[in-house]
Structures are given as structure tokens and as C-alpha cells.
Amino acid sequence: MRRAMLKPIADMPPGAIGFEAVGKFDDDDFEEAVEPVLRREIAAGRTIRLLYVLGSELLEYEGDALAEELKFAARHASSYERVAVVSDQDWLRPALRVFSALVPGQLRAFPLAELPQAKAWVAGGREHEA
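A brief report on the enclosed structure follows. Values in this document were obtained by computation on a predicted structure and should not be read as measured data.

Analysis parameters
Residues numbered from 1 in each chain as written. Predicted model: local features only at pLDDT ≥ 70, side-chain atom pairs only at ≥ 80, totals over all residues. Heavy atoms only, no water. Core = buried A, V, L, I, M, F, W, Y, C linked by side-chain atoms within 4.5 Å. Buried < 20%, exposed > 50% of the residue type's maximum accessible area, 1.4 Å probe, protein only. Helix = DSSP H or I, 4+ residues; strand = E, 2+ residues; numbered from the N terminus. Contact = heavy atoms within 4.5 Å. Phe/Tyr/Trp six-rings, centres within 6.5 Å; stacked < 30°, edge-to-face > 60°.

### Considerations on the nonpolar core
Then step 1. Leu-6, Phe-19, Val-34, Leu-38, Leu-50 and Tyr-80 are the most contacted members of the largest nonpolar core, which has 23 residues in total.
Then step 2. Elements represented by at least two residues in this core include exactly β2 (17-25), α1 (27-43), β3 (48-61), α2 (63-75), β4 (80-87) and α3 (92-102).
Then step 3. The biggest single contributor to this core is α1, with five residues.
Then step 4. Grouped together as the second largest cluster of nonpolar side chains are twelve residues, Met-12, Val-53, Ala-84 and Ala-118 included.

### Focus: the environment of Ala-84
Then step 1. By the element assignment, Ala-84 lies in strand β4.
Then step 2. Assessed through its relative accessible area of 0%, Ala-84 is described here as buried.
Then step 3. Here the alpha-carbon distance between Ala-84 and Lys-119, two residues 35 residues apart in the chain, equals 7.9 Å.
Then step 4. Look past the residues within four positions of Ala-84 in its chain and what remains in contact with it is Leu-50, Leu-51, Tyr-52, Arg-108, Phe-110, Ala-118, Trp-121 and Val-122.

### Here's the deal with the packing of aromatic side chains
Then step 1. Scanning all chains against the criterion turns up two aromatic pairs.
Then step 2. On the basis of an interplanar angle of 70° and a centroid distance of 5.9 Å, the ring pair of Phe-30 and Phe-72 is categorised as edge-to-face. With Phe-30 in helix α1 and Phe-72 in helix α2, this pair connects stretches of sequence that are 42 residues apart.
Then step 3. Overall, Phe-30 belongs to the buried group, its relative accessible area being 1%.

So far we have only geometry, and geometry alone does not tell us how the molecule works.
Shown next, in the form of C-alpha cells:
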């Protein structure tokens, strides 16, 4: 059994969930690591405030993984409140535009150097606009 390539981020602010992609990230990683956590949040009646870190340890991000995330987000669009993506990777911008069109909540990209600000933003309420 291979180790998950989406590691939960332990030091997230209350009300927020975070994952860091490491190595090769594919659709199984989303289904096994992220989806169960999001389903628990939705079942508990909480909105999703999600942070992804796609840093220098990310070697490969498969298109199937993005497709699974987008399908899940489209099925549960009203459950998303905020999504922060922290990365210095330029190829993410088009994918983030697609994601933001599917999810009515707020989506914001941050460079890696602004990880603390991203955590604070994703955990904040709608009244704390950045």
C-alpha cells in the first residue's frame, strides 16, 4: 500500500481544513484522503473552508485528480465557503478559474510565501474580507 500523497495539515485554524500535496497526486489520493473529510464536514452541517498547499514537494498532479475534485465540488457546490490554493506553480491558474466557476464560494490563490495569510483568510468569516 502506498502512502497518501495528500497529507493533512495539522496546524490549521479552527473551522478550516488543510492538505498538502506531496510527490505524485492522483484521483485516488483525493478519494481516500480529502473526500471523506469533506463528507464529514457536510454531514455535520458545516461549510467547507479548505486550504491546499501545492508546494515544491509536489512532483506530479494528474488530471484525473483535478477531475475528481471538480466533480465533487460541483455536486456539493453550496457547501463550499472558501478555498485557498497555496502554490508558486503557474499551471494552476486555468484550473482555478474552472473551479471558481463551479463553486459559488470564494476561491483565492496565494504564493507559498503567504501560507500564514492563506490559513487566516480561509478560516475567516465572510465579514473578514481580504
